[in-house]
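Chain by chain, the residues run as shown.
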Number of protein chains: 2
Amino acid sequence: MKLDTLGRHILVEYYNCDEEILKNVELIQELMNEAARVAGATIVNSVFHHFNPWGVSGAVIISESHLTIHTWPEYGYAAVDLFTCGDTVNPWKGFDYLEKMLKSDRSESIEIPRGMTEKIKKYYPKPLEKIVFKPENN
Amino acid sequence: MKLDTLGRHILVEYYNCDEEILKNVELIQELMNEAARVAGATIVNSVFHHFNPWGVSGAVIISESHLTIHTWPEYGYAAVDLFTCGDTVNPWKGFDYLEKMLKSDRSESIEIPRGMTEKIKKYYPKPLEKIVFKPENN
């Protein structure tokens with residue numbers, strides 16, 4: 001079967017990453033933007049922040065939703081989200097890229113559908129025809 | 001029992017929201033920033049984008065992680081994430097605020113722990129003592 005959904009969302013826990021990489025806000029921003037490109041996404045904007053004394057948070061807004069990261073260098077841990085919509089992107093390519101570049105030797109992930117079309121239709125007050133993540137030819 | 005975790009992440013599907021609100025990027029940015037404040041979070045930065053012909057995407061980076069939103073006005077649907085760390089914030093307050101302000105008459109949510117300390121310790125190569133979401137007195 002195929003589940004009809006606007007998007008899918010991968011929540012990742014990257015354990016035991018390279019601590020120096022997790023501290024470096026410029027590098028993390030570069031890696032997250034590249035992860036978006038590797039996934040096939042179109043980058044709209046991104047915002048990153050370096051916390052004192054360490055740790056980085058940031059988000060990449062893509063036409064197909066977003067990628068976010070929060071790092072704890074002191075524990076070698078990063079929480080990453082890859083939320084993508086549509087068939088032209090593959091968030092797992094971004095996942096693989098980040099696992100390698102953060103040098104995580106162990107990770108765990110969950111994939112959750114977002115915007116299941118049957119439910120959107122069910123709760124919408126009028127009949128909805130075809131549900132697509134973005135207007136076609138746009 | 002109490003689960004020891006750096007953070008928690010609420011994934012929300014807001015169904016059948018007010019379509020005019022979902023189209024309005026300035027308003028959505030304002031509501032998302034206010035949701036962060038209502039949750040007790042400290043806002044670091046935010047970035048929002050209005051897609052042609054409609055739909056809004058955005059992220060609010062907070063000291064305690066992030067809030068994001070993606071809207072589909074044509075379906076009355078919004079996908080929201082509220083990811084917070086530490087004991088001083090309550091993402092459910094942000095959830096309630098947004099449900100009301102987006103005029104969603106139905107929503108569904110999942111709450112997922114992020115950064116479970118037992119797993120971080122398990123995979124870290126050296127012994128780790130107390131795991132805290134941010135350095136104390138910082």
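Residues numbered from 1 in each chain as written. Chains lettered and ligands numbered in written order. Predicted model: local features only at pLDDT ≥ 70, side-chain atom pairs only at ≥ 80, totals over all residues. Heavy atoms only, no water.

Naming follows an unreviewed UniProt entry, where chain A appears as S-adenosylmethionine decarboxylase proenzyme of Hypnocyclicus thermotrophus. According to the UniProt record, the Sequence similarities (unreviewed entry) comment for chain A reads "Belongs to the prokaryotic AdoMetDC family. Type 1 subfamily." Listed under Subunit (unreviewed entry) in UniProt, the entry text for chain A is "Heterotetramer of two alpha and two beta chains arranged as a dimer of alpha/beta heterodimers." (UniProt positions renumbered as here; feature names shortened; annotations may be inferred.)

**Considerations on the relation of the copies chain A and chain B**
Superposition record for chain A on chain B: RMSD 0.0 Å, screw rotation 180 degrees, translation along axis 0.0 Å. Taken together, the rotation and translation relating the two chain copies correspond to the operation of a two-fold axis. Interface overlap between copies: 100% of the residues of chain A at the interface are likewise at the interface in chain B, consistent with a symmetric, same-surface contact. (Least-squares fit on C-alpha atoms with pLDDT ≥ 70 in both. Contact = heavy atoms within 4.5 Å.)

**What about the interface of chain A and chain B?**
Taken residue by residue, the interface counts 55 residues in chain A and 55 residues in chain B. In total, chain A and chain B occlude about 4,500 Å² of area from one another, counting both sides; carbon and sulfur atoms represent 62% of this. The largest share of the area that chain A buries against chain B comes from Tyr75, Arg114 and Tyr123 of chain A, three residues that together contribute 17% of it. Between chain A and chain B we count six salt bridges in total. Arg114 of chain B is the salt-bridge partner of Asp81 of chain A, the closest N and O atoms lying 3.0 Å from each other. Between chain A and chain B we count 26 residue pairs in polar contact (both at pLDDT 80 or more) in total. Residue assignment for the side of chain A that touches chain B shows that the elements contributing at least two residues are β1 (5-15), β2 (43-50), β3 (56-62), β4 (65-72), β5 (77-85), β6 (106-116) and α4 (117-123) of chain A. Here the side of chain A that touches chain B gets seven residues from one element, more than from any other, and that element is β6 of chain A. By residue class, the composition of the side of chain A that touches chain B is 31 nonpolar, 15 polar and nine charged. (Buried area = accessible area lost by both parts, 1.4 Å probe. Salt bridge = Lys/Arg side-chain N within 4 Å of Asp/Glu carboxyl O. Polar contact = N/O pair within 3.5 Å; in protein donor to acceptor, adjacent residues only side chain to side chain. Helix = DSSP H or I, 4+ residues; strand = E, 2+ residues; numbered from the N terminus. Nonpolar A, V, L, I, M, F, W, Y, C, P; charged D, E, K, R; others polar.)

**Quick look at the environment of Val60 of chain A**
Residues and elements named next belong to chain A. Within the fold, Val60 resides in strand β3. Relative accessible area serves as the criterion here: at 0%, Val60 is assigned to the buried category. For the pair Val60 and Leu82, spaced 22 residues apart in sequence, the C-alpha separation works out to 9.6 Å. The contact partners of Val60, leaving out residues within four places of it in the chain, are Met32, Asn33, Ala36, Ile43, Asn45, Ser46, Phe48, Ser65, His66 and Leu67. (Buried < 20%, exposed > 50% of the residue type's maximum accessible area, 1.4 Å probe, protein only.)

**Considerations on the pairing of β4 of chain A**
Residues and elements named next belong to chain A. Taking burial as the measure, the eight residues of β4 include eight buried ones, the bulk of the element. What sits between β3 and β4 in their antiparallel hairpin is a turn of two residues. With eight bridges joining them, β4 and β5 adopt antiparallel strand pairing. By the bridge assignment, His70 is partnered in β5 with Ala79. (Pairing = 2+ DSSP bridges.)

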